[in-house]
Amino acid sequence: MRFRSALTLGLWLAGALGAQAGEGDTGATIRDRGYLLCGVGSDDLGFATLRYDGEWTGFDVDFCRAVAAAMLGDATAVEFVPLDSLNRLEVLARGEVDVLFRTTTFTFDRDVNAALEFPAITFYDSQKVLVYADTGARTLADLAGKTVCANSGTTSITNIRHRIDSLGGGIGIQEYASQAGRWRAFFGRECEAVTADGSDLAAMMASRPGYRDDFVLLEDEIANEPLGPVVREDDRQWEQIVRWVINLTLVAEAAGIGQTSGPAEIARLPLPAGADLGVAGTWGADVIRQVGNYDDIFSRNLGDGSELRMARGRNALWTDGGLMYPLPMTPP
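Residues numbered from 1 in each chain as written. Predicted model: local features only at pLDDT ≥ 70, side-chain atom pairs only at ≥ 80, totals over all residues. Heavy atoms only, no water.

**Q** What's the story with the pairing of strand S1 (residues 36-40) in this structure? I'm lost.
**A** The side chains of a regular strand alternate, first on one face of the sheet and then on the other. Burial within S1 is extensive, with 5 of its 5 residues counted as buried. Residues Leu36, Cys38 and Val40 line one face of S1 and the alternating positions Leu37 and Gly39 line the opposite face, and both faces are buried. Two strands pair when backbone bridges link them, and S1 and strand S5 (residues 99-105) are joined in this way by 2 bridges, in the parallel orientation. Opposite Cys38, over in S5, you have Val99 as the bridge partner. (Buried < 20%, exposed > 50% of the residue type's maximum accessible area, 1.4 Å probe, protein only. Helix = DSSP H or I, 4+ residues; strand = E, 2+ residues; numbered from the N terminus. Pairing = 2+ DSSP bridges.)

**Q** Can you walk me through the packing of helix H3 (residues 59-72) against helix H13 (residues 294-301) in this structure?
**A** The relative placement of two packed helices is expressed as an angle between their axes plus a distance between the axes. Put simply, H3 and H13 touch, their axes get as near as 9 Å, and they point 145° apart. Crossing hand, H3 versus H13: right-handed. On H13, the residues touching Phe59, Asp62 and Phe63 of H3 are Tyr294, Ile297, Phe298, Arg300 and Asn301. Here the residues of the contact of H3 with H13 sort into 5 nonpolar, 1 polar and 2 charged. (Axes fitted to C-alpha atoms, helices over the stretch in contact; angles between N-to-C directions. Left-handed = near helix turned anticlockwise from the far one by under 90°. Contact = heavy atoms within 4.5 Å. Nonpolar A, V, L, I, M, F, W, Y, C, P; charged D, E, K, R; others polar.)

**Q** Is there a simple way to think about the pattern of salt bridges in this case?
**A** Here the idea is simple: oppositely charged side chains can pair when their charged atoms come close. Counting across every chain of the model gives 18 salt bridges. Notably, a salt bridge pairs Glu55 with Arg65, separated by 3.2 Å at the nearest N-O pair. Of the two residues, Glu55 sits in the loop between strand S2 (49-50) and strand S3 (56-57) while Arg65 sits in helix H3, which places them 10 residues apart along the sequence. Owing to a relative accessible area of 36%, Glu55 belongs among the partly exposed residues under this scheme. Among the ionic pairs, Arg182 bridges to Asp200, the shortest N-O distance being 2.6 Å. Note that Arg182 is positioned in helix H7 (residues 179-187) and Asp200 in helix H8 (residues 198-206), a separation of 18 residues in sequence. Summarising the burial analysis for this pair, Arg182 and Asp200 share the class buried. Put simply, Glu55, Asp62, Arg65 and Arg300 are held in one network by salt bridges that share partners. (Salt bridge = Lys/Arg side-chain N within 4 Å of Asp/Glu carboxyl O.)

**Q** I'm lost on the pairing of S5 in this one. Help?
**A** With 7 of its 7 residues buried, S5 lies for the most part within the structure. Pairing of S5 with strand S12 (residues 223-232) involves 3 bridges; the strand directions are antiparallel. In the strand pairing of S12, Thr105 is matched with Leu227.

**Q** So what exactly am I meant to see when it comes to the nonpolar core here?
**A** Soluble, globular proteins show a tendency: their nonpolar side chains are buried together. Grouped together as the largest cluster of nonpolar side chains are 56 residues, with contacts concentrated most on Leu36, Cys38, Phe59, Phe101, Trp238 and Trp283. Here this core gets 10 residues from one element, more than from any other, and that element is H3. Excluding residues that lie within four positions of it along the chain, Trp238 makes contacts with Thr26, Ile30, Leu36, Val67, Met71, Asp98, Val99 and Val231. Counting 14 residues, the second largest nonpolar core, distinct from the first, contains Trp183, Phe186, Val194 and Leu201. (Core = buried A, V, L, I, M, F, W, Y, C linked by side-chain atoms within 4.5 Å.)

**Q** Sorry if this is basic, but what is going on with the state of the cysteines here?
**A** By definition, a disulfide links the sulfur atoms of two cysteines through a covalent bond. Considering all chains together, one arrives at 2 disulfides under this definition. Here Cys38 engages in a disulfide with Cys64; their sulfurs sit 1.9 Å apart. Here the disulfide of Cys38 and Cys64 is left-handed, its torsion about the S-S bond being about -60°. Remark: Cys64 occurs in helix H3 and Cys38 occurs in strand S1; sequence separation between them is 26 residues. On the accessibility criterion, Cys64 (0% relative accessible area) is buried. Across the disulfide from Cys149 sits Cys191; the S-S distance is 1.9 Å. (Disulfide = S-S within 2.5 Å.)

What follows is the structure in C-alpha cells.
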C-alpha cells in the first residue's frame, strides 16, 4: 500500500511537472520576477521562524538567502512561503515555489518515485523520541500502552510505524499536520511522547530551559535523517545552482573565510566564474558577505551564537570529525 501511494504521488508530481516551464527556465524566471520564492517551515525553531517584527530567521532561511544572493546579488530578495509537511512537495511540484528548504529528508522514494531532486545535504540529523520523564520510559519499548505524536506526511511517521511494528505494536500514534499542532498536543498531554528530527526536539527543549527536567530523550535512534533542499527535476541548471551555492559555504569555511573577512580575502576563494553556473558574476562574494560561510549560518541559528547552542556534531567539517566535506570548486 505504501509503495502504491508513493507511486501515485510520483505520477501526480510528474504530471504537474509537465505543465511547468521548460528545462533551464527557473533561473530566468527568478531574474525576471526579481526575487526568489523559497518554501520553508513555520514555527520550526532554529530552522525557520517568523519573528514578531515580520523578519524570517533560521538555518533554512539563511540558505534561501544565500541562493538569492548568488542569483540576484541581494540576499533580501526572497519571498518566504511557509509550508506544512503535508503540502510542501505538491506546492513545489506545482511551481508555486522555486526551491524547498524545509527540513526535508533525502530518501530513495522521494528522489526516484516523486520526480524530485535533492541538490545537497545541509544538515545530518537523526530521528529521536522525547517523552515525559514521569513515564519512566528509557526506550521506545517502555511506551507500551501509550501514544506518540508525529507529523503527517513526514519520514518520521513512517519510521516510527515501522519501529513500533518491529516491537509488536501496542503503542499508539497521533498524527498532526503542523509542528505547532504536534507540540500543542504534546504539551497538552494528548500524548506521552513526540517523535521528530533530533534537532527539532533539542531546539524545543533549549527554548524551555526551566522545564528541561520534565522530559527525557529516549535512547533509541529511530532513523537517519539527512536534510536538504528540494527542487523539481525538470531543470538541471537550477539544481546545480542550489548545489554549488551550498557547497560554496563549506569551501569558504574550510578556507577560514567568512562574513567578517575582508574583500581581498574573499576574492582569494578559487571559484568558477558566475557565467559557468548561470549566476551573478560576483556570486561568491555576494553569498559570503551577505550570508556567510556554513559555520556563520550554523552558529547564529543553531550553535553558540543562538539560544539553542547545539554542537556541530555530524555537521562539523570532516577535519573536525564531522561529515561535511566540500566538493572541489577550482575554476577550469
